[in-house]
Amino acid sequence: MVKKKIGSISPGKSFAYGGQRFVVLEHMDDGVFCLLEQSSRSVPFNSGSDGPLNNYQKSTLREEIENVWLLYLIEHGARLEDMVKFDVELCPTDRSEGYGILEGVYAAPLTLWQYGKYKDIIPLNEDDWWWLVTPWACPWLRSPDTDGSGYAWVVYSSGNSSHTNHCSNTDGIRPALKLTSELLVSVEEDEEEEQADGECDNYTVDLSRVDTASLLKEIERRVIATTCDNGREECEARE
């Protein structure tokens, strides 16, 4: 493991932070948006009985993320100073106002639209379905029908998303964070870092910046190095 600034890690790559692993989703002006690589424990979206059950602001899921999961991160080295607060859109599937905007959180599940934006770089969740923050439907003024307010969107282990899980069912917690770009995090050594000096096959330079004499000298040096078979002294004499 090596330390790197999170601002230098490409989207889709993972890193360790606060005792858990995350994947980078996007570099933003105020920080790096990232997602828990695999869900941690599983909980109902809302274990209560007072509706609407799919309002994240008053949910069991939010309590678990902000009072249990976030505390675990801090106990394992994360700091609130490393995190950038962000707002969460709580509109339902039809993009009506729904439950409005939840402002200034340190961690929350992705919305349905964020999942659609990043799904190509989000690793499949291996062992569980996981909750999105988006409600299937919300109560609205011109209809007495509130059946949809008991459902929220989930993502299956296959990566497909669905609204079909009732909020009393149990699915995985997979929160997103926004971290400051200068934060040092732990990453696996990649091929480029593992190669010794002078052995990086993918290294390139802009040859237009190198003068002709230097280029010719380097070509001559390489020819001699690869064709000289008569011992070190003769090679040195030819050089």
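Predicted, not measured: the structure shown is a model, and the values here were computed from it.

Visitor: I'd love a proper account of the overall build of the protein, names of residues and values included.
Guide: Along the backbone of the protein there are 5 helices and 13 strands. With 239 residues in all, the protein has 39% of them scored as buried. At a minimum sequence separation of 6, the contacts of the protein that also span at least 24 residues come to 60%. Carbon and sulfur atoms form 47% of the exposed surface of the protein, whose accessible area is close to 14,100 Å².

Visitor: Quick one: what's the story with the side chain of Asn54, residue by residue and with numbers?
Guide: Assignment of secondary structure puts Asn54 in the loop between strand S5 (42-44) and helix H1 (60-75). Look at Asn54 and you get buried, because its relative accessible area is 0%. At a separation of 2.8 Å, a polar atom in the side chain of Asn54 contacts the main-chain carbonyl oxygen of Tyr151. Setting aside residues up to four positions removed in sequence, Asn54 forms contacts with Phe45, Tyr99, Pro135, Trp136, Ala137, Gly148, Ser149, Gly150, Tyr151, Ala152 and Cys167.

Visitor: Any details on the environment of Ser42? Residues and values, ideally.
Guide: Looking at the element boundaries, Ser42 is found in strand S5. The class for Ser42 is partly exposed, based on a relative accessible area of 30%. Separated by 22 residues in the primary sequence, Ser42 and Glu64 have C-alpha atoms spaced 9.6 Å apart. Here Asp128 takes part through its side chain, which lies 2.3 Å from a polar atom of the side chain of Ser42.

Visitor: Just give me the short version of unusual backbone geometry, but keep the residues and values in it.
Guide: Notably, Arg95 is not glycine yet its phi reads approximately 65 degrees, a positive angle. Along the polypeptide, Arg95 turns up in the loop between strand S6 (86-89) and strand S7 (101-105). By relative accessible area, Arg95 is classed as partly exposed at 45%.

Visitor: Kindly report on the packing of aromatic side chains, identifying the contributing residues and their values.
Guide: Taken as a whole, this structure holds 10 aromatic pairs when the rule is applied. For the ring pair Phe33 and Tyr118, a centre distance of 6.1 Å and an interplane angle of 50 degrees mean the geometry is tilted. With Phe33 in strand S4 (residues 31-36) and Tyr118 in helix H2 (residues 112-118), this pair connects stretches of sequence that are 85 residues apart. Its relative accessible area of 2% is what places Phe33 among the buried residues. Measuring from ring centre to ring centre gives 5.6 Å for Tyr115 and Trp130, while their planes differ by 80 degrees; the resulting arrangement is edge-to-face. Taken together, the positions of Tyr115 in helix H2 and Trp130 in strand S8 (residues 130-135) put the pair 15 residues apart, joining distant regions of the chain. In this structure an aromatic cluster arises from ring pairing among Phe15, Tyr17, Phe22 and Trp69.

So, how was this worked out
Residues numbered from 1 in each chain as written. Predicted model: local features only at pLDDT ≥ 70, side-chain atom pairs only at ≥ 80, totals over all residues. Heavy atoms only, no water. Helix = DSSP H or I, 4+ residues; strand = E, 2+ residues; numbered from the N terminus. Buried < 20%, exposed > 50% of the residue type's maximum accessible area, 1.4 Å probe, protein only. Contact = heavy atoms within 4.5 Å. Areas by Shrake-Rupley, 256 points an atom, 1.4 Å probe, with all protein chains shown as cover. Polar contact = N/O pair within 3.5 Å; in protein donor to acceptor, adjacent residues only side chain to side chain. Phe/Tyr/Trp six-rings, centres within 6.5 Å; stacked < 30°, edge-to-face > 60°.

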